[in-house]
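Residues per chain are reported as follows:
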Amino acid sequence: MQVVLAVDGSEEALAGARFLATIPFAAKVEVMVVTALADSFFDATTATAPAKVEVSEQSQAQQWHEAVRPLLEAAGFGVASRFVKGAPNQVLLDQARELQADLIVMGARGHWAINRMVVGSTADYIANHAECSVLITRPSDGEAFPTERPKSILVAYDGSPASICAYTEAVQLDWPTDTNLVVAMVLDKPKLISEDDDYDPVAMAEASEKLSALAASSNCKCKIVNSVSERIHIGNSLLAKAEHLSTDLVFLGGTNKSAIARFFLGSVGRYLLHNCSCSL
């Protein structure tokens with residue numbers, strides 16, 4: 001499995017590496033640690049000052065990579081480094097494409113000296129444009145990242161191909177038996193129906209049966225708990241459930257191509273990306 005890890009010197013990026021090291025991947029993991037270096041305005045001149053700045057920046061980036069290397073190697077991951085000139089969003093996408101990466105990992109709220117990586121820009125852009133899965137890491141409720149593996153997992157599921165992919169990725173990880181893995185399916189409810197009243201109990205029963213069959217077909221070590229509900233606002237419902245369960249990590253499928261997929265970035269996915277307090 002090939003992973004691209006974005007490192008920018010921020011505490012969030014370092015914490016993202018720590019979080020990555022806690023994920024129990026079943027396959028061997030190779031991590032390419034990537035830092036985008038700034039393009040100098042004076043690159044085309046003979047000025048020596050910009051060259052000194054470039055050397056200094058690469059030296060600093062090297063120190064950042066050396067800081068995360070022990071964390072990743074201790075988890076049994078293979079580790080390599082790349083320093084590439086360019087805008088962070090394009091650098092990360094290009095590197096992921098070149099390496100045929102399975103996953104891009106980046107810390108939310110991270111920022112470089114010139115504010116390159118914030119959740120509203122680079123992380124949001126990568127989540128919407130990456131051709132592979134993306135892990136956006138963040139502390140829970142403002143606390144430091146845990147050094148232990150995630151124990152509470154929430155999978156948003158709606159039966160779409162994207163959510164099936166998210167579910168598959170979640171259950172294929174080597175979660176221990178004490179992991180709490182909840183698969184949540186939220187059915188649409190018309191706005192005129194009260195949140196306290198059932199709208200379509202037949203659809204809820206059918207959805208519950210589908211989730212039970214899905215869980216029975218998986219080889220996940222931990223117990224899978226299914227949750228089916230009807231809500232007017234799907235994003236709010238998932239957010240509330242994640243907070244109620246003290247969730248460490250949310251899985252959801254993302255696509256901007258399907259007109260019928262509910263969990264596509266730009267609606268529910270983007271809502272969770274900007275409002276959820278845990279990693280996604």
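Above this text sits the structure in question.
Residues numbered from 1 in each chain as written. Predicted model: local features only at pLDDT ≥ 70, side-chain atom pairs only at ≥ 80, totals over all residues. Heavy atoms only, no water.

*Asks:* Before we go on, may I ask you to explain the overall build of the chain in this structure?
*Replies:* Tallying secondary structure elements over the chain gives 8 helices and 9 strands in all. Counting over 280 residues, the chain shows a buried share of 46%. When contacts within the chain are restricted to residue pairs at least 6 apart in sequence, long-range pairs at least 24 apart make up 79% of them. A total accessible area of about 13,700 Å² is found for the chain, and carbon and sulfur atoms account for 52% of it. (Helix = DSSP H or I, 4+ residues; strand = E, 2+ residues; numbered from the N terminus. Buried < 20%, exposed > 50% of the residue type's maximum accessible area, 1.4 Å probe, protein only. Contact = heavy atoms within 4.5 Å. Areas by Shrake-Rupley, 256 points an atom, 1.4 Å probe, with all protein chains shown as cover.)

*Asks:* Which parts of the structure should I look at to understand the pattern of salt bridges?
*Replies:* Between side chains of opposite charge, a pair can form as their charged atoms come close. Per the counting criterion, the structure on display carries 9 salt bridges. Two residues, arginine 18 and glutamate 11, come together in a salt bridge whose shortest N-O distance is 3.4 Å. Classification of glutamate 11 as partly exposed rests on a relative accessible area of 48%. In this structure, arginine 69 engages glutamate 73 in a salt bridge whose closest nitrogen and oxygen atoms are separated by 3.4 Å. Taken together, the residues arginine 69 and glutamate 73, both in helix H2 (residues 49–74) and 4 residues apart, mark about one turn of the helix. The class for glutamate 73 is partly exposed, based on a relative accessible area of 43%. Overlapping salt bridges, with partners in common, bring together Glu66, Arg69 and Glu73 in one network. (Salt bridge = Lys/Arg side-chain N within 4 Å of Asp/Glu carboxyl O.)

*Asks:* What is the right way to look at the nonpolar core in this model?
*Replies:* Proteins that are soluble and globular tend to have nonpolar side chains buried together. With 40 residues, the main nonpolar core has Leu5, Leu20, Val31, Leu72, Trp175, Leu181 and Phe251 as its most contacted residues. Setting aside chain neighbours within four positions, we find leucine 72 in contact with Leu5, Ala17, Leu20, Val31, Val33, Phe77 and Val79. Core analysis: the second largest hydrophobic core is formed by 21 residues, Leu93, Ala108, Ala127 and Cys132 among them. (Core = buried A, V, L, I, M, F, W, Y, C linked by side-chain atoms within 4.5 Å.)

*Asks:* Help me understand helix H8 (residues 268–275), please; the structure alone is not making it clear to me.
*Replies:* Every α-helix winds through 3.6 residues per turn, so residues three or four apart in the chain are directed the same way. What H8 keeps buried is the set Val268, Gly269, Leu272 and Leu273. Buried residues in H8, looked at end-on, bunch into an arc of 135°, giving them a common side. Packing partners of the buried residues in H8 comprise helix H4 (122–129), strand S5 (133–137) and helix H7 (234–244). (Arc of directions from axis to C-beta.)

*Asks:* I keep staring at the pairing of strand S6 (residues 152–156) and nothing clicks. Help me out?
*Replies:* Within a regular beta strand, the side chains point alternately toward one face of the sheet and then the other, so they alternate between its two faces. S6 sits mainly inside the fold: 5 of its 5 residues count as buried. Of the two faces of S6, the one lined by Ser152, Leu154 and Ala156 and the one lined by Ile153 and Val155 are each fully buried. With 5 bridges joining them, S6 and strand S7 (residues 180–188) adopt parallel strand pairing. Along S7, the bridge assignment pairs alanine 156 with alanine 184. Between S6 and its parallel partner S7, the chain crosses via helix H5 (residues 161–172), and the hand of that crossover is right-handed. Of the strand pairs in this sheet, S6 and strand S9 (residues 249–251) are connected by 3 bridges, and their pairing is parallel. Its bridge partner lying in S9, isoleucine 153 is registered against leucine 249. (Pairing = 2+ DSSP bridges. Right-handed = clockwise from strand over helix to strand, strands pointing away.)

*Asks:* Teacher, can you tell me more about the sheet that holds strand S8 (residues 224–231) here?
*Replies:* Within a beta sheet, neighbouring strands are joined by backbone hydrogen bonds and run either parallel or antiparallel to one another. Taken together, the 4 strands give an open sheet; going across it, the order is S8-S7-S6-S9, and neighbouring strands pair in parallel fashion. Since the sheet does not close on itself, it has two edges, and those belong to S8 and S9, each with one partner. Strand-to-strand, the axes of this sheet are offset by a mean angle of 25°, without reference to chain direction. The sheet contact formed by S7 and S8 spans 8 bridges and is parallel. Bridging across to S8, alanine 184 finds its partner in serine 227. Packed on one face of the sheet, helix H6 (residues 201–216) meets S7 and S8 and runs near 160° to S8. Where H7 meets the sheet, it contacts S6, S7, S8 and S9, and its direction lies at approximately 160° from that of S7. (Axes fitted to C-alpha atoms, helices over the stretch in contact; angles between N-to-C directions.)

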